[in-house]
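Chain and residue survey
Each chain, written out:
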Amino acid sequence: MRVIRDVFTQARPIDRRIEKVIDYAATDEARLEQEISEYEVTASVERALRRFIEAFDDGARLGTVTEIGVWVSGFYGSGKSSLTKYLGLALDSRRKIKGVPFVDRLADRIPDRALGLHLKKVAKQHKAAIFMLDLGTDQLAESASDSVANVLYWNVLKELGFSKEKKVADLEIRLEQDQKLAAFEAAYEAHYPGREPWRVIHDDPMLAVTRASALVPAFYPDDFKTPADFRQLRYQPTEDVKELARRIIALVRRRTGCEAIVFFVDEVGQYVAPRRELILNLDGLVRAFKEAGQGKVWFVATAQQTLTEISERASLNSAELFKLKDRFPISLELLATDIREITAQRLLKKNADGEAELKRRYQASAELLELHTHLTDWQGGKGTLDADTFASLYPFLPSRLDLVLDLIRALARRTGGTGLRSAIRLVTRPHDEARMLGIEYFVRIAVRDKPAAVVVIVDAEERCVARTAAGEPPLGPELLGRARAVAGDIPVAVVVANRMFEAWFLADFHSLRSRKKLPADARFQHWRAPETVGGCKGWLEAALGVKYRETVDQGRLAADVSLPVRHHMRGRAPSFHKLYREVDRISRAVAPKGGP
């Protein structure tokens with residue numbers, strides 16, 4: 001064996017793409033095929049599966065189970081999202097991969113064959129409607145801190161095929177209850193011949209209400225005498241959690257024909273922890289599902305901490321969170337120690353010859369290896385190293401994994417665990433994930449401390465240019481509208497770096513060179529208009545003469561960009577000039593009367 005690659009199994013190439021975060025929304029067949037084929041069911045995952053399957057079976061079969069709240073907790077990377085996602089897909093009888101039921105694929109990954117057979121039996125006997133919600137990404141556009149009940153309700157309606165426009169969705173629900181929905185759709189086709197069918201247009205925020213208003217008086221003449229009556233009707237959402245729960249259950253059962261319903265809701269702990277009213281709303285929602293569902297409606301939540309740990313450590317509303325313990329009595333805890341096993345099996349699996357060779361080399365140099373890799377002044381560095389551990393984790397040492405876990409634990413303690421998964425996701429994929437995670441999430445964090453104003457800088461990584469080329473609307477106004485909806489009365493500005501953030505460095509090229517942040521002999525042919533060319537990072541790397549390290553060089557160079565913006569910067573980097581204007585505008589807006 002001449003290179004490290006030779007020791008790894010060929011079944012899972014080490015250079016394959018590996019998703020850093022398991023997302024509920026990622027359900028295309030190719031993605032699921034890779035995910036489930038690499039899923040490692042550890043002992044703690046097996047225990048969690050067994051407990052849930054047995055409890056769900058009793059509830060769905062007998063209808064007498066008194067508790068339906070399940071709290072899945074575990075350290076980041078222990079597999080909470082994977083477990084709940086695959087369990088949900090397994091219970092969904094419609095979900096298949098290449099014609100094979102997903103439940104069969106999950107059962108094949110479970111070491112305990114009896115448990116796998118039990119899972120398949122339960123999934124077949126209890127046809128369940130499955131809804132999967134990630135509170136980190138599926139928040140309502142108009143409010144990033146709405147109650148779990150409202151977020152769940154509107155996402156369920158969307159999944160059931162109702163309009164995304166709330167007033168139109170309520171109309172569709174009423175029409176369906178009165179058995180008039182089919183007639184309404186036929187009337188729409190007759191009134192708008194040759195136009196898009198109702199099922200296409202009903203999500204359009206501009207046309208749906210306008211076109212529906214022309215037809216509503218014919219169906220409900222007592223309530224809407226003219227089209228204007230419906231257009232001007234102000235939607236009033238219900239605040240009654242019990243009513244929402246009953247409505248959700250009724251709609252799901254009517255549309256799906258399934259008595260059993262399971263809601264899988266990811267990142268619940270992080271979402272509700274900052275606000276007491278969100279905790280109380282969640283408590284009321286699960287209680288309402290318990291009373292109305294009679295053991296056939298289940299609510300599965302995930303969080304970084306167990307509810308007991310939240311009581312001891314969470315910095316926000318810990319007493320209220322602890323009370324949720326009574327609402328979620330079925331606690332499924334995944335272990336942080338599983339991370340090492342999952343890493344070894346999924347990412348670092350060796351072939352037989354490679355494993356044997358690594359063990360041989362360890363035995364030949366065990367004492368020297370332990371001497372030169374022993375860590376001091378850190379409790380985690382005292383673990384012993386043996387041949388099996390060395391071979392399974394190679395080319396990493398156990399202490400490296402333990403050190404990373406310690407660092408993340410420290411981050412969790414500083415934040416109370418709130419948003420830890422999202423924070424790590426942002427660090428690992430800061431650009432593509434920004435839209436998925438949502439600007440609302442970051443603005444909500446920024447406004448918690450009641451700042452005078454919020455300024456958001458977005459590195460779009462060529463996305464603005466791509467949108468313009470595709471004829472899509474500009475990104476900046478869209479993000480600003482979403483940010484303002486979250487910021488409330490706090491002034492907010494959003495500036496999108498055209499092309500990419502590094503273009504701003506190149507626009508101030510000569511200044512950075514004179515400050516010795518760039519080599520004196522550095523050259524850059526596009527410094528006069530860097531926002532008009534692509535590959536800014538490559539140009540910057542050429543100017544530096546060494547590899548551009550984003551995590552190191554970005555902050556170092558940004559700290560020395562010329563401020564205030566000089567005249568020459570306005571033409572070279574218009575988006576940077578916009579940042580200066582926005583900061584100046586927002587500073588004046590929040591300055592005390594008579595102040596600077």
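Below you will find a few notes about this structure.

Criteria and thresholds
- Residues numbered from 1 in each chain as written.
- Predicted model: local features only at pLDDT ≥ 70, side-chain atom pairs only at ≥ 80, totals over all residues.
- Heavy atoms only, no water.
- Patch = residues over 30% accessible without salt bridge, like charges linked within 9 Å, V, L, I, M, F, W, Y side chains within 5 Å.
- Areas by Shrake-Rupley, 256 points an atom, 1.4 Å probe, with all protein chains shown as cover.
- Salt bridge = Lys/Arg side-chain N within 4 Å of Asp/Glu carboxyl O.
- Helix = DSSP H or I, 4+ residues; strand = E, 2+ residues; numbered from the N terminus.
- Buried < 20%, exposed > 50% of the residue type's maximum accessible area, 1.4 Å probe, protein only.
- Pairing = 2+ DSSP bridges.
- Phe/Tyr/Trp six-rings, centres within 6.5 Å; stacked < 30°, edge-to-face > 60°.
- Lys NZ or Arg CZ within 6 Å of the ring centre and 35° of its normal.
- Axes fitted to C-alpha atoms, helices over the stretch in contact; angles between N-to-C directions.
- Contact = heavy atoms within 4.5 Å.

On the surface, Val 455, Ile 457 and Val 583 cluster together to form a nonpolar patch covering roughly 200 Å² of accessible area. Mapped onto the fold, Val 583 is located in helix 31 (residues 574-590). The class for Val 583 is partly exposed, based on a relative accessible area of 34%.

Both faces of the sheet carry side chains from a regular strand, because those side chains alternate between them. In terms of burial, strand 4 (residues 128-134) is a largely internal element, six of the seven residues being buried. Pairing geometry for strand 4 and strand 5 (residues 260-266), over seven bridges, is parallel. If you follow Leu 133 over to strand 5, its bridge partner there is Val 265.

Counted according to the given criterion, the structure contains 18 aromatic pairs. On the basis of an interplanar angle of 70° and a centroid distance of 5.9 Å, the ring pair of Phe 56 and Trp 298 is categorised as edge-to-face. Of the two residues, Phe 56 sits in helix 2 (residues 43-62) while Trp 298 sits in strand 6 (residues 297-303), which places them 242 residues apart along the sequence. Each member of the pair, Phe 56 as well as Trp 298, carries the same accessibility label: buried. Put simply, the rings of Trp 71, Phe 131, Phe 263, Phe 289, Phe 299 and Phe 328 touch in pairs and so form one group of aromatic residues. We note Lys 167 situated over the ring of Phe 230; from NZ or CZ to the ring centre the distance is 5.3 Å. Sitting over the ring of Tyr 192, Arg 211 keeps its end group 5.2 Å from the ring centre.

Pairing within the open sheet is parallel, and its five strands lie in the order 4-5-6-1-7. Each having just a single partner strand, strand 4 and strand 7 (330-334) make up the two edges of the open sheet. Taken pair by pair, the neighbouring strands of this sheet meet at an average axis angle of 15°, ignoring direction. With five bridges connecting them, strand 1 (residues 69-74) and strand 7 associate as parallel partners. Residue pairing for strand 7: Gly 74 is matched across the bridge by Leu 334. Across the sheet, helix 12 (residues 241-256) touches strand 4, strand 5 and strand 6, and the angle it forms with strand 5 is around 120°.

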